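Fold and contact review
This is what each chain is made of:
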Amino acid sequence: KFGENSPPDEDVKRFKWFKQILEELKEVEDPRELMETVRTDLFTAEVFVFTPKGDVREFPKGATPIDFAYSIHTDVGNQCVGARVNRNIVPLSYQLQNGDTLEIITQTGRHPSKDWLKHAVTSRAISKIKAWIKTEERSKSIALGRDILEKEFRKHKMSLGQILKADDLKKICEEYSIEDADDLMAVIGYGKIS
């Protein structure tokens, strides 16, 4: 029986599998034959791909270059515009295969698309895409809310700048249980209050 510090079941299974491979290696005359067996025998629910530097990365079956990009770094994922698999350009919807060598193509100023959520399978990629979309939507709502407030204040010969500096804004925020001016403008931009 394993103690409290014993390895997880998955690690034990992998160790047993690896040990079995080493035993088979002793009996096989042609190592290429063993490699082909290992390649097809690799965990069916997982895909192993290589970085351009030769590092191995593990992903769930169905993973795409989007998942790979976010596994490198959030900025790489957010600025991903394409991918090369085995030196060939592939769409971001391409499903990674065991043994693929993957290179991500990025472009500064590019951003994730909502469509990426249809192709991403890892929780990291999905959460990063959703976070970017939420931040982007909030920024747009703040800008829209600011425009609405400025137009409304101009109708009454008032300035948004003056209101932002005055304590009146704090009273409004407290009345609606809103933290600050940006939150107020976001709520107005979303159309939750007028």
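Since this is a predicted model, take the numbers as computed values, not measurements.

A short note on the sheet that holds strand β4 (residues 88-90)
Through backbone hydrogen bonds, the strands of a sheet pair up, either in parallel or in antiparallel fashion. Strand order in the open sheet made by the three strands is β4-β3-β5, with antiparallel pairing throughout. In this open sheet, the two edge strands, each paired with only one partner strand, are β4 and β5 (102-106). Averaged over all pairs of adjacent strands, the angle between their axes in this sheet comes to 35°, without regard to strand direction. Strand direction decides the pairing type here: strand β3 (residues 80-85) and β5, joined by five bridges, are antiparallel. When the sheet's bridge partners are listed, R84 is paired in β5 with E103. Across the sheet, helix α3 (residues 65-72) is in contact with β3, β4 and β5; its angle to β5 comes to roughly 80°.

What to know about the pattern of salt bridges
This structure, assessed with the given rule, holds five salt bridges. One salt bridge in this structure joins D115 and K118, with 3.6 Å as the shortest N-O distance.

What about the nonpolar core?
Counting residues in hydrophobic clusters, the biggest one holds 22 residues, and the most contacted among them are I66, F68, L96, L102, I104, W116 and I129. When near neighbours in sequence (up to four residues on either side) are disregarded, I66 contacts L92, W116, H119, A120, A125 and I129.

Structural notes on the pairing of strand β1 (residues 46-50)
In terms of burial, β1 is largely enclosed, as four of its five residues are buried. Between the antiparallel neighbours β1 and strand β2 (residues 56-60) lie five residues, among them G54 with a positive phi of about 95°.

Focus: unusual backbone geometry
Phi at R87 is positive, roughly 70°, even though this residue is not glycine. Checked against the element boundaries, R87 lands in the loop between β3 and β4. In the Ramachandran plot, S177 falls in the positive-phi region, its phi being about 55° despite a non-glycine side chain. Within the secondary structure, S177 sits in the loop between α7 (168-175) and α8 (181-190). With relative accessibility at 69%, the residue S177 sits in the exposed group.

Topic: the packing of α3 against helix α5 (residues 123-155)
At a closest axis distance of 8 Å, the pairing of α3 and α5 adopts a crossing angle of 80°. Of the possible angle classes, the one that applies to α3 and α5 is roughly perpendicular. Facing α3, whose interface residues are I66, D67, Y70 and S71, α5 presents R124, A125, K128 and I129. The residue inventory of the contact of α3 with α5, partitioned by class, reads four nonpolar, one polar and three charged.

Looking at the packing of aromatic side chains
In this structure the tally under the stated criterion is one aromatic pair. Ring geometry for F59 versus F68: centroids 5.9 Å apart, planes at 45°, classification tilted. According to the relative accessible area criterion, F59 is buried, its value standing at 6%. Given a relative accessible area of 1%, F68 falls into the buried group. For the cation-ring pair, K192 lies above Y190, with the distance from its terminal atom to the ring centre recorded as 5.4 Å.

Concerning the pairing of β3
Across three bridges, the pairing between β3 and β4 is antiparallel. Across the sheet, the residue bridging to R84 is I89, located in β4. Turn length for the β3-β4 hairpin, with the two strands adjacent in sequence and antiparallel, is two residues, and the turn residue N86 shows positive phi of about 50°.

Definitions and limits used
Residues numbered from 1 in each chain as written. Predicted model: local features only at pLDDT ≥ 70, side-chain atom pairs only at ≥ 80, totals over all residues. Heavy atoms only, no water. Pairing = 2+ DSSP bridges. Helix = DSSP H or I, 4+ residues; strand = E, 2+ residues; numbered from the N terminus. Axes fitted to C-alpha atoms, helices over the stretch in contact; angles between N-to-C directions. Contact = heavy atoms within 4.5 Å. Salt bridge = Lys/Arg side-chain N within 4 Å of Asp/Glu carboxyl O. Core = buried A, V, L, I, M, F, W, Y, C linked by side-chain atoms within 4.5 Å. Buried < 20%, exposed > 50% of the residue type's maximum accessible area, 1.4 Å probe, protein only. Parallel < 35°, antiparallel > 145°, perpendicular 65-115°, else oblique. Nonpolar A, V, L, I, M, F, W, Y, C, P; charged D, E, K, R; others polar. Phe/Tyr/Trp six-rings, centres within 6.5 Å; stacked < 30°, edge-to-face > 60°. Lys NZ or Arg CZ within 6 Å of the ring centre and 35° of its normal.

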